[in-house]
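# Remarks on the overall topology
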Amino acid sequence: MQVIFRLILPLQTQFDLIISIDLTPMIRQCVIIFGCLAIGEFIASVTGIKLPASIIGMLLLTLLLKVGWVKVGWVKGISDFLVKNLPLFFVPPGVAIMLYLDVIKANFWSIVVASVVSTVLVLSLTGWTHQWLRKSSYFSGKTNDQTTA
Amino acid sequence: MKSFLQSEVFIVAFVFLAYFAGRQIQKRTKLILLNPILIAVIIIIVFLSAFKIDYKAFHEGSKLIEFFLKPAVVALGVPLYQQLEKIKKQAIPILVSQLVGCVVGIISVVLIAKAMGAPKEIIYSLAPKSVTTPIAIEVSKTINGIPPLTASVVIVVGIFGAIFGYTIMKWTRVKNPVAQGLSMGTAAHAVGTSRSMEISPKFGAMSSIGLIVNGIFTAILTPYILELINIWFPL
C-alpha cells in the first residue's frame, strides 16, 4: 500500500505543479496579447486612425514592457511561439493568390520591374544614409558604436 | 469524400502539413529559393485544383489559421522591446535611414508601377512590399490593396533580396557591416534577416531592427504617402 502511495503521490504533486505553474501563465499570456490586440482594435475604431489594429497592439505591448507593467517573462512563451511560426499564419492569404492569377499575368512585368528596382534602391539608400550618419560623429552617439555592430 | 476534404478540420490539418513539408524541404536543401511559404502555397494550390475544391470552402478552414496573424503581429512587440536599447544607442542613424528606406521604397515602387501602366489596385498592393508579410497584409487591407497579391510580392521580394542583397550592396558600395545588416532587414524583411543570421548573429540582429522599424514606419506612413503621390500623379 505504502509503495503505491509513494508512487502515486509524487505523480499527483507533479500533476498539481504542471497545472499551477504552466496553465495560469498561459492564460495570462493570452490575456495580455489578445488584450493588447483588442485595445488596438478599439483605438483604431474610435479614432479612425489609418493604422492596423495589430500594429497599435504591438506598440502598446512594447510600451507596457518598457514601463514595466508587463514583464517579458509573462509573455515570452506565447510570443516566442507566435513569432517563430509567423510564416505559417500567412500561408492562407498566400493561397488566395490563385484567385488573382489573371490580374498578375496581365501586369506581370510592371510588378516585377517595380519591385526589383525599388528593392535595389531601398537596399542602397538605406545603407548609404546609415553609413553617412554614422560617420558624422555628431549623430552617432557618445560611445564608439563599433561595438554595437 | 469531398465533404471530408472540405471540412474545416481537414483543411486546418492540411495547412499545417503543407507548411511542415515546406520547412522540411528547406531544411534538407538549404536553398533560399525553396521558401517554406512558397512551397506550402504551391502544395495547397495544386491540391485544391486537383480535387476541385473551391477557394471558398478552403477559406472556411484556413481563416482559423489566418486569424492568428493579428496576435502574432502584437507578439512582435517583444523582440521590438528587446532591441529598444540597441536602437536607442544609435537612434538617429537608425531612425533616419529607416525613414529614408521606407519612403524611397514606397514612392519608387508606386511610381515605376504607375509608369508601366499598372492599375490602381495593383499599385496599392505593391506599396508595402518591403515589410514583413503580416504587417504588409494589414497595410494592404487598410489602403484597399489586394492582400494576397501583397503577400506573394512580399515573399518574392524577400527571396530576391536574400539571394542578391549582399551582392547588390557590394556594387553600390554599402560597405559598413552594420549598415548592410540593417538594409537587408529594411528591404528584404524576414527572409533577408534569416540570410543575415546565416552570416552572423550580429548581422541578424541589425536586420531584425530594420525589419521592425521599417514595418512600423510603413504601417504609419503608407496611407499618407499614397495621398501625397495622388496629388501630383493621380493613380
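Note that the coordinates shown come from a computational prediction; the quantities given were computed from them, not determined experimentally. (Residues numbered from 1 in each chain as written. Chains lettered and ligands numbered in written order. Predicted model: local features only at pLDDT ≥ 70, side-chain atom pairs only at ≥ 80, totals over all residues. Heavy atoms only, no water.)

### With respect to the pattern of salt bridges
Going through the model one piece at a time under the given rule, you end up with seven salt bridges over all chains. Among the ionic pairs, lysine 76 of chain A bridges to aspartate 80 of chain A, the shortest N-O distance being 3.4 Å. Placement of both lysine 76 of chain A and aspartate 80 of chain A in helix 3 (residues 72-84) is noted, with a separation of four residues, approximately one turn of the helix. Residue aspartate 80 of chain A is classed as partly exposed on the basis of its relative accessible area, which comes to 28%. One salt bridge in this structure joins glutamate 138 of chain B and lysine 70 of chain B, with 3.7 Å as the shortest N-O distance. Taken together, the residues glutamate 138 of chain B in helix 9 (residues 133-142) and lysine 70 of chain B in helix 5 (residues 69-75) connect sequence positions 68 residues apart. (Salt bridge = Lys/Arg side-chain N within 4 Å of Asp/Glu carboxyl O. Helix = DSSP H or I, 4+ residues; strand = E, 2+ residues; numbered from the N terminus. Buried < 20%, exposed > 50% of the residue type's maximum accessible area, 1.4 Å probe, protein only.)

### Concerning the confidence of the model for chain B
The pLDDT averaged across chain B works out to 90; a share of 100% of its residues lies at or above 70. Scoring the predicted complex yields pTM 0.80 and, for the interface, ipTM 0.86. (pLDDT = per-residue confidence, 0-100.)

### Brief notes about the interface of chain A and chain B
Many authors give the size of an interface as the accessible area that is lost as the parts come together. Facing 73 residues of chain A, the contacting portion of chain B comprises 95 residues. Summed over both partners, the interface of chain A with chain B buries about 7700 Å², with 79% contributed by carbon and sulfur atoms. In this structure, glutamate 227 of chain B and lysine 50 of chain A form a salt bridge, with 2.6 Å as the shortest nitrogen-oxygen distance. Elements represented by at least two residues in the side of chain A that touches chain B include exactly helix 1 (2-47), helix 2 (53-67), helix 3, helix 4 (86-89), helix 5 (91-95), helix 6 (101-106) and helix 7 (108-135) of chain A. It is helix 7 of chain A that contributes the most residues to the side of chain A that touches chain B, 24 residues altogether. The residue makeup of the side of chain A that touches chain B, split by class, is 46 nonpolar, 20 polar and seven charged. (Contact = heavy atoms within 4.5 Å. Buried area = accessible area lost by both parts, 1.4 Å probe. Nonpolar A, V, L, I, M, F, W, Y, C, P; charged D, E, K, R; others polar.)

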